Amino acid sequence: MDYKYIEQLLERYWQCETSLEEEAILKTFFNQTHIPSHLMPYKPLFVSEKMWQDVKLGEDFDARIMAHIEKDEPVKARRITWVRRMMPLYKAAASVAIILTLGNAAQSSFRREATVENDYNYENYQDSYNDPEMAYNQISDALQMVSQSLSEASKQDSLLQMQPKETQKEQ
Amino acid sequence: MKRVLCLLLIACSIHVWGQDFASKFMEQCAKEDGDIQCQTVSPIMMEKLMDTMTAPNGDRDEEVPEYLLSKLKSARIITATKQSEKLFREAEQLIEKNKNRFSPLVENQPGQNNKVFVRKHDEVIRELVVLNLNPDEKTLTIVNLTGDMDDRFMKILSSGKLKQD
């Protein structure tokens, strides 16, 4: 039998010049049982294409896919600590504490002008004297000292203010 | 959580000074030196004083004008006979640390042993601090007055004549 036509088709196949019909002819030829030995090396090329064409989804494919999708994953038991449970409460309490503290601080700074007198913890004062007479004497001494200090300070201040004038006079 | 705690600490430190100078000084220095004495006349005692002054008492020879006492809320006198120079410097440093609160009444020169600081509000002196170091006797005296010390009060004190006219 003359296989010249097949050989010509093969040559055209390697040159990518074959049409679809010519390729179908080649596939049909190589799928038959009797193939000459010199053309056997080319058989797997044309047979494998057919083999892959014959591959189809099995009937159980849908069932397997659905089983995979609907499979319930096992739920792992996690131990939630007490701290973790109370965390939202802690966060809320911290937020409230921050807001209250900042608000109080801002409010006290605004009210500072009105409450300068309350700036001292007079409640914690413990009198050194129970007798008003002795307390009076102490205050008297203190005021005397303050008076002397103020007088000295005023003198010092006036001396300092006079100094530039004296240096100018010298010049 | 650490950031929250830091924020809280910062907020709390905004308003910490709620004491007079003498209390703060005693807190700081009394631990180091037990020889510091602090005499306190509280507002309650001041009121008692005013009551005794206004009550008829012909025997008393008032050295302190009633006006001055009426303007005072409290008085604290701190005395120290040991390490007086060191304590004087510490008092100065405490004032310097709180220079937003206290200002010198007159320009203080370094080396002066007598310094006067005031805390003013609305042109009225709320707190007056006098630091006095006696180098001969080596004693430190701090006078800390609180009240409503206005111009007339300061004028009477500055005049150097405390006897009532």
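Here the structure is shown first, and the text comes after it.
Residues numbered from 1 in each chain as written. Chains lettered and ligands numbered in written order. Predicted model: local features only at pLDDT ≥ 70, side-chain atom pairs only at ≥ 80, totals over all residues. Heavy atoms only, no water.

Chemist: Can you walk me through the sheet that holds strand 5 (residues 124–134) of chain B in this structure?
Modeler: Hydrogen bonds along the backbone pair up the strands of a sheet, which may run parallel or antiparallel. Residue and element names in this part refer to chain B. Pairing is antiparallel across the open sheet formed by six strands, whose spatial order is 1-2-6-5-4-3. Lying at the two open borders of the sheet, with one neighbouring strand each, are strand 1 (37–41) and strand 3 (103–104). Pairing between strand 2 (residues 72–80) and strand 6 (residues 139–149): eight bridges, direction antiparallel. Residue isoleucine 78 lies in a different strand from strand 6, and its bridge partner there is isoleucine 142. Most of the contacts of helix 5 (residues 84–97) go to strand 5, to which it runs at about 155°, and overall it touches strand 2, strand 4 (114–121), strand 5 and strand 6. (Pairing = 2+ DSSP bridges. Helix = DSSP H or I, 4+ residues; strand = E, 2+ residues; numbered from the N terminus. Contact = heavy atoms within 4.5 Å. Axes fitted to C-alpha atoms, helices over the stretch in contact; angles between N-to-C directions.)

Chemist: Please explain the packing of aromatic side chains as it appears in this structure.
Modeler: How two aromatic rings sit relative to each other is set out by the distance from centre to centre and by the angle between their planes. Residues and elements named next belong to chain A. Under the counting rule described, the total for this entry stands at ten aromatic pairs over all chains. Residues tyrosine 13 and tryptophan 14 carry aromatic rings whose centres are separated by 5.5 Å and whose planes lie at 70° to one another, so their mutual orientation is edge-to-face. Since its relative accessible area comes to 17%, tyrosine 13 is described here as buried. Exposure remark for tryptophan 14: the relative accessible area of 39% places this residue in the partly exposed category. Relative to tyrosine 125, the ring of tyrosine 122 lies with its centre 5.3 Å away and its plane at 70°, an arrangement referred to as edge-to-face. (Phe/Tyr/Trp six-rings, centres within 6.5 Å; stacked < 30°, edge-to-face > 60°. Buried < 20%, exposed > 50% of the residue type's maximum accessible area, 1.4 Å probe, protein only.)

Chemist: I keep staring at unusual backbone geometry and nothing clicks. Help me out?
Modeler: Negative phi is the rule for most residues except glycine; trans is the rule for most peptide bonds. Phi at cysteine 16 of chain A is positive, roughly 60°, even though this residue is not glycine. By the secondary structure assignment, cysteine 16 of chain A is in the loop between helix 1 (4–14) and helix 2 (20–31). Judged by its relative accessible area of 69%, cysteine 16 of chain A is exposed. One non-glycine residue, glutamine 83 of chain B, lies in the positive phi region at around 50°. Relative to the assigned elements, glutamine 83 of chain B resides in the loop between strand 2 and helix 5. Classification of glutamine 83 of chain B by relative accessible area gives partly exposed; the value is 46%.

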